[in-house]
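# Summary of the model geometry
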Amino acid sequence: MTKTKTEQASTEKIDVDYYKLLDRLYMALPQKAKESVRFELPTAISIIQGKQTIWKNFVKCGKDLNRDQNLLYKFVMKEISTSSTVVNNQSLVLNGVFDNNKINLILTKFINAYVLCSACKKPDTNITTQNNIKVLKCSACGAVSALPKL
Ligand SMILES: [Zn+2]
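Just so we're clear, the structure is a prediction, and the values are computed from it rather than from any experiment. (Residues numbered from 1 in each chain as written. Predicted model: local features only at pLDDT ≥ 70, side-chain atom pairs only at ≥ 80, totals over all residues.)

## Comments concerning the environment of Val 59
With respect to the helices, strands and loops of the structure, Val 59 is situated in helix α3 (residues 58-64). Looking at Val 59, the number of C-beta atoms within 10 Å reads 19, which means it is partly exposed. Spatially, the C-alpha atom of Val 59 lies 7.8 Å from that of Leu 92, the residues being 33 residues apart in sequence. Beyond its immediate chain neighbours, meaning those up to four positions away, Val 59 contacts Gln 69, Val 86, Asn 89 and Gln 90. (Helix = DSSP H or I, 4+ residues; strand = E, 2+ residues; numbered from the N terminus. Buried ≥ 20, exposed ≤ 12 C-beta atoms within 10 Å, placed from the backbone. Contact = placed C-beta atoms within 7 Å.)

Here it is as structure tokens:
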């Protein structure tokens, strides 16, 4: 009789520990892994006005990609050497005529280089610094890859 009681007690203890462990594992998961929200990659909306091109949702594109606006700005400026200004914290006014395909091509290049994980190609990534080097860290698979310099 006494033996059975002890066995029961130890089984309960294991259960509690097991759930505690599960809780802890769950807590340790990156936030993104818990969310099943689909990550929608943005599309650039742009119009040509006279000799200027207005990338209407420029700021939103950066936000949707969870990337610093300045990083996207620098990238765009490197791709198309022209002068430009962010207007109303919303759109990017570029001097020069660039069709929408061109703008989206640049945005896609940016996404490939600075958003998508190089290992699993998922967009659940963050830019962090490791040994003074900016790297792309993937929340989905844990891969860390070096970022191209701007
Ligand atoms: Zn990954």
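## Topic: the sheet that holds strand β3 (residues 84-87)
Strand order in the open sheet formed by 4 strands is β1-β2-β4-β3, and the pairing between neighbours is antiparallel. The outermost strands of the open sheet, each flanked by one partner alone, are β1 (46-49) and β3. Taking each pair of neighbouring strands and ignoring which way they run, the sheet shows an average axis angle of 20 degrees. Bridge count for β1 against strand β2 (residues 52-55) is 4 bridges, and the pairing is antiparallel. (Pairing = 2+ DSSP bridges. Axes fitted to C-alpha atoms, helices over the stretch in contact; angles between N-to-C directions.)

## Description of the nonpolar core
Judged by nonpolar contacts, the single largest core of 19 residues is most densely connected at Ala 44, Trp 55, Cys 61, Ile 103 and Leu 107. Mapped onto this core, the elements with two or more residues apiece are α3, α4 (69-79), β4 (91-95), α5 (100-114) and β6 (133-138). Considering every element that reaches this core, the biggest residue donor is α5, with 4 residues. With sequence-adjacent residues up to four places away left out, Ala 44 is seen in contact with Trp 55, Asn 57, Cys 61, Asn 100, Ile 103, Asn 104 and Leu 107. (Core = buried A, V, L, I, M, F, W, Y, C linked by C-beta atoms within 7 Å.)

## Structural notes on unusual backbone geometry
Of note in this structure, Asn 89 is not a glycine but carries a positive phi near 50 degrees. With respect to the helices, strands and loops of the structure, Asn 89 is situated in the loop between β3 and β4. The exposure class of Asn 89 is exposed, given the 8 C-beta atoms found within 10 Å. One non-glycine residue, Lys 121, lies in the positive phi region at around 65 degrees.

## Here we look at the pairing of strand β5 (residues 125-130)
Where β5 meets β6, 6 bridges bridge the pair, whose relative direction is antiparallel. If you follow Thr 129 over to β6, its bridge partner there is Lys 134. Joining the antiparallel neighbours β5 and β6 is a turn of 2 residues, in which Asn 131 adopts a positive phi near 50 degrees.

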